[in-house]
Amino acid sequence: MEFVPAPAVHRVLCADCGTPIVPNSANLCVACLRNTVDITEGIPKQASVSFCRNCERFLAPPQAWVLAKPESSELLALCLKKLKGLPKVRLTEAHFIWTEPHSKRLRVSLTIQKEVLTSTILEQTFEIEYLVQHGQCPDCAKLAAKNTWKALVQVRQKVPHKRTFLFLEQLILKHGAQKDTISVKEVKDGLDFFYSQRSHAIKMVEFLTGVVPVRSKASEQLLSSDTHSNTANFKYTYSVEIMPICKDDLVCIPPKQARQLGNISPLTVCTRVGSSIQLLDPATLQTCEITSAIYWRNEFNSLATVTDLVEFTVLDVEADGRSRGKFVLADAQVALAGAFRSGAGQDEDSMDYESAGYTNQIYHTRTHLGGILQPGDTALGYFLTNSNYNSDDFASLPAERIPDIMLVKKTYPNRRKKNKSRGWKLRSIGKEAGEEGETGSGRGVVGRLGGRDQKKVEEDYEHFLRDLEEDPEMRSAVNLYKSTDVNMKTETKRAPKKPQFAMDIDETPRQIEEEEEEEADFPEIQLDELLEGFDEMTLGEGREEVVEAT
């Protein structure tokens, strides 16, 4: 095989240092060319970025504040925009160099190219150091001062409980409607939401209009004005009143309005609350929708709320064959809970129906719960025979149209006596009782006032958790999170083993009651309905942002 030599490479000497190089238009080597021409001239090697420690945002000149994570593409773009001479060269590569998080420094490596002579492109890599300057953005500065809000949304509901606001808090969290709120304050009959811009308050009012039946009213207050520039500074207040009718309330519609709503029976039960309320006649399964406009044209209040519900034991249920959605019409025979037991286990707070003659009486009623009630179950209902309501519309009803009992929902007393911990949690808007902010631990914005109503708020919160467990439709409207402290399935405790020669004794009624089995159809929340607590999945000891539902 014949050797073929490579073509000869002609070289010349560098004009400055005399190093043999490949001929180029400058006749200079790379080192001498860099010493002669600096392509990084005009690009600052040190710069600064402003960082707000409260909201963790960076200043994007001139006035915008953006949220950017460390070493993210958003932060890199923000750093590159602060370099004035960068548009004059060609940027080929840029990346962060790791620094200590507490050093208040950001180091960026840049690789640029620029044509220095005819057909001669020079490439150079260098570093830029950014100093992180801590400060306050205008929004956080307003939060630090008092009475700097621009718009206020006052949400009120004139009812004796807080269950509506507990559910409303979960709806706000699921749809992210609290992100523009600067603070939340609890008042006697509701909540106050403060905003730094009027548009944020209008957005909140529109959200409330879509999830609950409300009516709103706007007002404004003049703070200052400038006659020379024709400008003025206002504070805006939006008053939002929620309809004072809640789920499972007993409602007596005015007779004239009942005839306009399809001639429905005036005595109804509220089964759903959304942008409008749905009323159901348990005797006929007839329903009607009442919107906000219809209600506020002719207002009426509920006769009784869930605090007036009485426990009844179902003796017999016979389906009628008619149904509407999930409701099945049935004839039921019920008696007061514990009517056929001895009075030894009677609750101290319960009413003495024995002296009134209602203890051993069996009542016949028609109910819409024929699909879920079985003989032996316990149901909650309104005891109309033993009630006295201060309502002219209820007093005008004929006696034959008023049933003795109106069942509302099924309950599970045996499971409630166990006091088992729930395997799920709820998120809350407020951090703690004395703080203002986004989501966090604590009971939330409801129940901060304390005092005499604190025990009642705890009872309302427990009723709200029970409603979530027993109503899948209501549960689908909120976000439930897994609890890492409690397992979803708890083992049943075994009975203590008796000694070998122990004497057999008769068990008291209280012991028999304690050993009652749990209801087989108790609505357990499945594991696939729960969400992971993404905010808790951190390497360090982060702030827990969920409230355990116990």
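Source: prediction; values computed, not measured.

### Digging into the overall build of the chain
Then step 1. Secondary structure summary: the chain contains 13 helices and 26 strands in total.
Then step 2. Sequence-distant contacts, at least 24 apart, represent 65% of the contacts inside the chain between residues at least 6 apart.
Then step 3. Counting every atom, the chain has about 32,800 Å² of accessible surface; 49% of that belongs to carbon and sulfur.

### Digging into the packing of helix α4 (residues 163-174) against helix α5 (residues 198-211)
Then step 1. Running from N to C, α4 and α5 point in directions that differ by 120°, and their axes come no closer than 12 Å. Comparing the axis directions of α4 and α5 gives the class oblique. Along this stretch, α4 crosses α5, giving a crossing that reads as right-handed. Of the residues in α5, those touching α4 at L168, L171 and I172 are M204, F207, L208 and V211.
Then step 2. Of the residues in the contact of α4 with α5, the class split is seven nonpolar, no polar and no charged.

### Side note on the pairing of strand β8 (residues 120-135)
Then step 1. Across seven bridges, strand β3 (residues 46-52) lies against β8 in parallel orientation. Note on β8: the bridge partner recorded for C52 is G135.
Then step 2. In terms of strand pairing, strand β7 (residues 105-117) meets β8 through twelve bridges, oriented antiparallel. Across the sheet, I112 pairs through a bridge with Q124, a residue of β8.

### Some details on the packing of aromatic side chains
Then step 1. Scanning the entire structure with this criterion turns up nine aromatic pairs.
Then step 2. With a centroid separation of 6.1 Å and 35° between ring planes, the pair formed by F234 and Y236 is classed as tilted.
Then step 3. Ring plane angle 85° and centroid distance 5.8 Å describe the contact between F312 and F383, whose orientation is recorded as edge-to-face. A residue pair is termed long-range when its members are at least 10 positions apart, and F312 in strand β19 (residues 310-324) and F383 in strand β22 (residues 378-383) qualify at 71 residues. Residue F312 shares its accessibility class with F383, and that shared class is buried.
Then step 4. Directly above the aromatic system of Y236 lies the positively charged group of R198, at a separation of 4.2 Å from the ring centroid.
Then step 5. Lying over the aromatic face of W149, K235 brings its terminal NZ or CZ to 4.3 Å of the ring centre.

### Digging into the pattern of salt bridges
Then step 1. The full count for this structure, using the stated rule, is 17 salt bridges.
Then step 2. For R107, the salt bridge goes to E127, with nearest N and O atoms at 2.9 Å. Placement of R107 in strand β7 and of E127 in strand β8 is noted, with a sequence separation of 20 residues between them.
Then step 3. The exposure class assigned to R107 is partly exposed, which follows from its relative accessible area of 28%.
Then step 4. Ionic pairing is found between R366 and D320, a salt bridge with its closest N-O pair at 2.6 Å. Of this pair, R366 sits in strand β21 (residues 363-367) while D320 is found in strand β19, placing the two residues 46 residues apart along the sequence.
Then step 5. One continuous salt-bridge network, built from bridges that share partners, spans R163, K247, D248, K409, D467 and D471.

### Overview of the side chain of N479
Then step 1. Residue position: N479 is located in the loop between α12 (472-475) and β25 (481-482).
Then step 2. Setting aside anything within four residues of it in sequence, one finds N479 in contact with Q170, K174, K425, L426 and L531.

### Some points on the confidence of the model for the chain
Then step 1. Here the chain averages 79 in pLDDT, while 78% of its residues score no lower than 70.
Then step 2. Contacts for the low-pLDDT stretch residues 488-515, under 50 throughout, to residues beyond four places or in other chains number 13 contacts.
Then step 3. Predicted confidence for residues 534-550 stays below pLDDT 50, and this span has 38 contacts to residues more than four positions away or in other chains.

### Some details on the environment of E458
Then step 1. With respect to the secondary-structure elements, E458 resides in helix α11 (residues 454-470).
Then step 2. By relative accessible area, which is 35% here, E458 ends up partly exposed.
Then step 3. In sequence terms E458 and K162 are 296 residues apart; their C-alpha atoms lie 9.6 Å from each other.

### Details of helix α2 (residues 73-81)
Then step 1. Buried residues of α2: L75, L76, L78, C79 and L80, and no others.
Then step 2. Summarising the contacts, the buried residues of α2 are in contact with β3, β4 (57-60), β5 (64-67), β6 (90-97), β7 and β8.

### What about the sheet that holds strand β18 (residues 302-304)?
Then step 1. Read across the open sheet, the five strands follow the order β17-β16-β15-β14-β18; overall the sheet is antiparallel. Two strands lie at the open edges of the sheet, namely β17 (286-290) and β18, each paired on one side alone. For this sheet the average axis-to-axis angle between neighbouring strands, irrespective of direction, equals 40°.
Then step 2. Of the strand pairs in this sheet, strand β16 (residues 277-281) and β17 are connected by five bridges, and their pairing is antiparallel. Its bridge partner lying in β17, L280 is registered against T287.

### Notes on the nonpolar core
When a protein is soluble and globular, its nonpolar side chains tend to lie buried together.
Then step 1. Counting 41 residues, the largest nonpolar core has V153, L168, F193, M204 and L468 as the members making the most contacts within it.
Then step 2. Looking at this core, the elements that each hand over two or more residues are β9 (151-156), α4, β11 (190-195), α5, β13 (231-242), β24 (424-426) and α11.
Then step 3. Among the elements that make up this core, the one with the highest residue count is α4 (seven residues).
Then step 4. Sequence-distant contacts of L168, defined by excluding residues within four places in its chain, comprise V155, L208, V211, V212 and I242.

So, how was this worked out
- Residues numbered from 1 in each chain as written.
- Predicted model: local features only at pLDDT ≥ 70, side-chain atom pairs only at ≥ 80, totals over all residues.
- Heavy atoms only, no water.
- Helix = DSSP H or I, 4+ residues; strand = E, 2+ residues; numbered from the N terminus.
- Contact = heavy atoms within 4.5 Å.
- Areas by Shrake-Rupley, 256 points an atom, 1.4 Å probe, with all protein chains shown as cover.
- Axes fitted to C-alpha atoms, helices over the stretch in contact; angles between N-to-C directions.
- Parallel < 35°, antiparallel > 145°, perpendicular 65-115°, else oblique.
- Left-handed = near helix turned anticlockwise from the far one by under 90°.
- Nonpolar A, V, L, I, M, F, W, Y, C, P; charged D, E, K, R; others polar.
- Pairing = 2+ DSSP bridges.
- Phe/Tyr/Trp six-rings, centres within 6.5 Å; stacked < 30°, edge-to-face > 60°.
- Buried < 20%, exposed > 50% of the residue type's maximum accessible area, 1.4 Å probe, protein only.
- Lys NZ or Arg CZ within 6 Å of the ring centre and 35° of its normal.
- Salt bridge = Lys/Arg side-chain N within 4 Å of Asp/Glu carboxyl O.
- pLDDT = per-residue confidence, 0-100.
- Core = buried A, V, L, I, M, F, W, Y, C linked by side-chain atoms within 4.5 Å.

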